[in-house]
Amino acid sequence: MNIASLLASKGGNVITVGPQESIRSALGLLAQHNIGALVVVEGRGPVGIVSERDIVRALARTESILVQPIAAIMTREVIIGTPQDDLIAVGNTMTERRIRHLPVVEGGRLVGIVSIGDVVKAQRDQYQGEVDTLQFQILHEDEAKMRQAS
Amino acid sequence: MAAHEPVGTAERPLRVAIIGAGPTGYYAADHLLRQTAPVIEVDLFDRLPTPFGLVRYGVAPDHQKIKSVTAAFDKVATHPRFRFFGHVELGKDVSVDDLRRHYHQILYCTGAQTDRRMGIPGEDLRGSHPATEFVAWYNGHPDFRDCQFDLTKERVAVVGVGNVAVDVARILCRSADELATTDIADYALEALRHSRVKEVYLLGRRGPAQAAFTNPEIKELGELADADITVRPEEVELDELTRAALAQNPDRATSKKVEILQSYAHRPRTGKSKLLVVRFLVSPVELLGDDAGEVTAIRLVRNRLVATPTGTLQAKPTGEIEDLPVGLVFRSVGYKGVPMPGVPFNDSWAVILNDKGRVLDPDTKQPIVGEYTAGWIKRGPTGVIGTNKPDAAETVACMMEDQARGLVLHPDEPSRAAVDALIRQRQPLYFSYDDWRGLDGLEVAAGRRAGRPRVKFTSVEDMAHALGRRSE
């Protein structure tokens, strides 16, 4: 499974901000859309990512940080995925490198963002589906055998 | 107008139309009918007379165990508030506007109905086909029964190593005796009985560890009555990147898969009449043809694996070219949904534009009241049959949440009788679930006489005729 299928049922609307917008506006967007991170975009491509954690950390240091531009606190070295990336590889990389949000880019254009929650949910649904399918087949086989025996 | 009274009561049930009677349609119906409140009525529509979608027309005929899931679907269909309308097509017999007049919620579960193209020169030469057409043909799909495949060719390439590709390769390699005990379409059995196919090449663009097929599937390929299997030792040898990835995140199933494939490298040929060759790290770059426009070979480029920033190992062409002479090519490089008239589509992912199953307005990106989607047309073609169960549950949860907030359609005629009247007028030759049970009984009885799971009806005319109904 690749991560395109995670993006397919996420509406296709990625919430982004510009690097010069204020941290307060980022906070507003996080609250409004009930999300944990924003991709910072300049032109068409992502230049960074700003998460609720980044803001909390900055606030703990200086309470007046909210008027500063996002560029002051955003993470610039961002790992970027493509829609064709394997779900398993993405899950492993995000877990190992403690990344909670992965911007996804295709042909230089930001096409989505995958959260660790999305990855866990997709993996859970995949395993649940397989277990359910196999369990049903086993039970069905047993029932058929019992019918034959009686 | 009393249209805004609460719905979901015994007097005014919440009426839901589900489009597409594949596994997702049934899983969704099941989730809906299990709700203790509200009271829900489900009408399940399919453009074919028969239910079960890809379980009937996709799952291979020699994989009957996988088809046993239909027993669960039949159970759903016994619910008193469930109805089935087969041979009724959205966009042809009924429109979305028709449905809006009779239902509070509409749920699209139409699957991924078409295949992805390889996008290479020569793709449309004679002898080059989508694997899905071959699958639908051997499974007796009424729309594909007249397809022609030139089985006088001795060498065949199947592009892809997903489960559809594996099914196609396996069916081509099966002996007539093996196929004769399955529910393969009669005409396909007859055609395959006279097949002259001798060598089948299954072509994967990445390495053995990245191939999508499952271990039981690849083991099964090694146990065919009439076909030997082989792989090239150098193609099943793990590259450094894969080795490193497996060392960091050990995965028993993947290691086992590689082990099974490597064991095929040194298997002696036992003189069976066919040979199945599984190739890795090759991508087709062109189909070569003769003057008559028929495929004569597939040109492959050798790949090596490179890691993306997320650790995905991707195929990268090396430039090393090889021509593999074949007379028949089946491509199975992915599937995609097709847009439906009146339903917003997301071209990037070839799915209905949606958020967790709520269909979105393409302009505002806000949910359209009363319209939902689930299954492959919601998330793309991934997972096994059962994966659609949690997927359908997610959508149904959205439907229930919206219903509780009063966000439903306000149909003018929310009644079963009104739908009956509409369908009788638009498609007199519709099939009810009782009709399906009748057909099912006849198919199974014919199968019993022939030592097969069933003998399928493969045309709407035959189905109508068997039930003593007249087809126009």
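Throughout this document, residue positions are counted from 1 along each chain, in the order its sequence is written. Labels follow written order: the first chain is A, the first ligand is 1, and so on. Given that this is a predicted model, residues contribute local features only at a pLDDT of at least 70 and side-chain atom pairs are listed and counted only at 80 or more, while totals for whole chains, interfaces and linings are drawn from all residues.

Draft legend 1. Layout of the overall build of chain B. Within chain B, the secondary structure is distributed over 18 helices and 20 strands. Using C-alpha atoms as the atom set, the radius of gyration is obtained and then compared with a globule rule of 2.2 Å times the number of residues to the power 0.38. Against the 2.2 N^0.38 benchmark of 23 Å for 472 residues, chain B shows a C-alpha radius of gyration of 24 Å, consistent with a compact globule. By its C-alpha atoms, chain B is 75 × 55 × 45 Å across when sized along the principal axes. Three exposure classes are used. Buried residues have 20 or more other C-beta atoms within 10 Å of their own C-beta, exposed residues have 12 or fewer, and partly exposed residues fall in between, all C-beta atoms being placed from the backbone. Burial analysis of chain B (472 residues in total) assigns 48% to the buried set. A residue pair is marked as a contact if its C-beta atoms, positioned from the backbone, fall within 7 Å. Long-range pairs, those at least 24 residues apart, make up 76% of the contacts in chain B between residues at least 6 apart in sequence. To qualify as a helix, a DSSP run of H or I must reach at least 4 residues; to qualify as a strand, a run of E must reach at least 2; elements of each kind are numbered from the N terminus.

Draft legend 2. Structural view of the overall build of chain A. Looking only at helices and strands, chain A features 5 helices and 5 strands. Secondary structure elements of chain A occur, N-terminal to C-terminal, as α-β-α-β-β-α-α-β-β-α. Computed over the C-alpha atoms, the radius of gyration of chain A is 21 Å, more than 25% above the 15 Å expected from 2.2 N^0.38 for a compact globule of 150 residues. Based on the C-alpha atoms only, the size of chain A along its principal axes is roughly 80 × 35 × 25 Å. For chain A, buried positions account for 35% of its 150 residues. Pairs at least 24 residues apart make up 60% of the contacts formed inside chain A by residues separated by at least 6 positions.

Draft legend 3. Here's a closer look at the interface of chain A and chain B. The interface is formed by 32 residues belonging to chain A together with 34 residues belonging to chain B. Among the secondary structure elements, those contributing two or more residues to the side of chain A that touches chain B are helix H1 (4-7), helix H4 (87-96) and helix H5 (116-149) of chain A. Among the elements that take part in the side of chain A that touches chain B, H5 of chain A stands out by supplying 10 residues, more than any other.

Draft legend 4. How the structure looks around the sheet that holds strand S7 (residues 155-159) of chain B. Residues and elements named next belong to chain B. In this analysis, strands are considered paired if DSSP registers two or more bridges between them. On the basis of which strands lie adjacent, the open sheet formed by 6 strands has the order S6-S14-S7-S8-S10-S9 and parallel pairing. Strand pairing shows two members of the sheet lacking a second neighbour, strand S6 (128-130) and strand S9 (227-231), which therefore form its edges. On average, each strand axis in the sheet is inclined to that of its neighbour by 20°, with strand direction left out of account. Sheet topology note: the S7/strand S8 (residues 199-203) ladder contains 5 bridges and is parallel. Counterpart to Val-159 in the pairing with S8 is Leu-203. Across the sheet, helix H7 (residues 163-173) touches S7, S8, S9, strand S10 (274-279) and strand S14 (328-331), and the angle it forms with S8 is around 170°. Fitting a line to C-alpha atoms yields each axis, with helices limited to the stretch in contact; the angle taken between N-to-C directions then spans 0 to 180 degrees. Of the strands in this sheet, S9 and S10 touch helix H13 (residues 252-265), which is tilted by about 105° from S9.

Draft legend 5. Seen up close, the domain arrangement of chain B. Residue and element names in this part refer to chain B. Domain delimitation in this document rests on an assignment produced automatically or drawn from a domain database. Domain parsing of chain B yields domain 1 (14-113 + 337-431) and domain 2 (116-335). For domain 1 and domain 2, the distance between their C-alpha centres works out to 33 Å. Taken together, the contact pairs 9 residues of domain 1 with 15 residues of domain 2. Its residues placed into classes, the side of domain 1 that touches domain 2 shows 6 nonpolar, 1 polar and 2 charged. Charged residues are taken to be Asp, Glu, Lys and Arg, nonpolar residues to be Ala, Val, Leu, Ile, Met, Phe, Trp, Tyr, Cys and Pro, and polar residues to be all remaining types, Gly included.

Draft legend 6. Representation of H7 of chain B within the structure. Of all the 11 residues making up H7 of chain B, 10 are buried; the element is thus mostly covered by neighbouring parts of the structure. Turning to H7 of chain B, its buried residues number three or more, namely Val-164, Ala-165, Val-166, Asp-167, Val-168, Ala-169, Arg-170, Ile-171, Leu-172 and Cys-173 of chain B.

Draft legend 7. Geometry of the nonpolar core. Residues and elements named next belong to chain B. In terms of nonpolar packing, the biggest core is built from 157 residues, with Ile-18, Val-158 and Val-168 touching the most fellow members. Per-element accounting of this core gives the leading share, 8 residues, to H7. When residues of this core are assigned to domains, at least three fall in each of domain 1 (14-113 + 337-431) and domain 2 (116-335). We define the nonpolar core as any set of buried residues of the types Ala, Val, Leu, Ile, Met, Phe, Trp, Tyr and Cys, connected via C-beta atoms lying within 7 Å of each other.

Draft legend 8. Inspection of unusual backbone geometry at higher detail. Residues and elements named next belong to chain B. For the bond from Ala-37 to Pro-38, the omega torsion is 0°, close enough to zero to count as cis. Following the sequence through the fold, Pro-38 ends up in the loop between helix H1 (23-33) and strand S2 (40-46). Of note in this structure, Ala-350 is not a glycine but carries a positive phi near 55°. Counting through the fold element by element, Ala-350 comes out in the loop between strand S16 (345-346) and strand S17 (351-352). Non-glycine residue Lys-356 carries a positive phi angle of around 55°.

Draft legend 9. Spotlight on the environment of Gly-386 of chain B. Its place among the elements puts Gly-386 of chain B in the loop between helix H14 (376-379) and helix H15 (388-404). When the 24 C-beta atoms within 10 Å are taken as the criterion, Gly-386 of chain B is described as buried. It is 15 Å that separates the C-alpha atoms of Gly-386 of chain B and Ala-21 of chain B, two residues lying 365 residues apart in sequence. Once residues within four sequence positions are removed from consideration, Gly-386 of chain B is found in contact with Gly-129, Glu-130, Asp-132 and Thr-133 of chain A.

Draft legend 10. Main features of the sheet that holds strand S1 (residues 14-19) of chain B. Residues and elements named next belong to chain B. The sheet built from 7 strands is open, its strands ordered S3-S2-S1-S4-S20-S19-S18 with mixed pairing. Both edges of this open sheet fall to strand S3 (82-86) and strand S18 (354-355), since each of them pairs with a single strand only. Both S18 and strand S19 (residues 358-360) contribute to a ladder of 2 bridges, which runs antiparallel. The residue bridging Asp-355 from the neighbouring strand is Arg-358, located in S19. Relative to S2, H1 is tilted by about 170°, and along the sheet it contacts S1, S2, S3 and strand S4 (105-108).

Draft legend 11. View of the packing of H4 of chain A against H5 of chain A. Residues and elements named next belong to chain A. Interhelical geometry of H4 versus H5 gives an angle of 135° and a closest axis separation of 10 Å. One finds that H4 runs oblique with respect to H5. The hand of the H4/H5 crossing is left-handed. Between H4 and H5, the contacting residues are Leu-87, Val-90, Gly-91 and Met-94 on the first element and Ile-116, Val-119, Ala-122 and Gln-123 on the second. Its residues assigned to classes, the contact of H4 with H5 shows 6 nonpolar, 2 polar and no charged. Oblique is the label for every angle not falling under 35 degrees (roughly parallel), over 145 degrees (roughly antiparallel), or within 65 to 115 degrees (roughly perpendicular). Crossing handedness is defined as follows: a turn of the near helix away from the far one that is anticlockwise and smaller than a right angle gives a left-handed crossing, while the clockwise case is right-handed.

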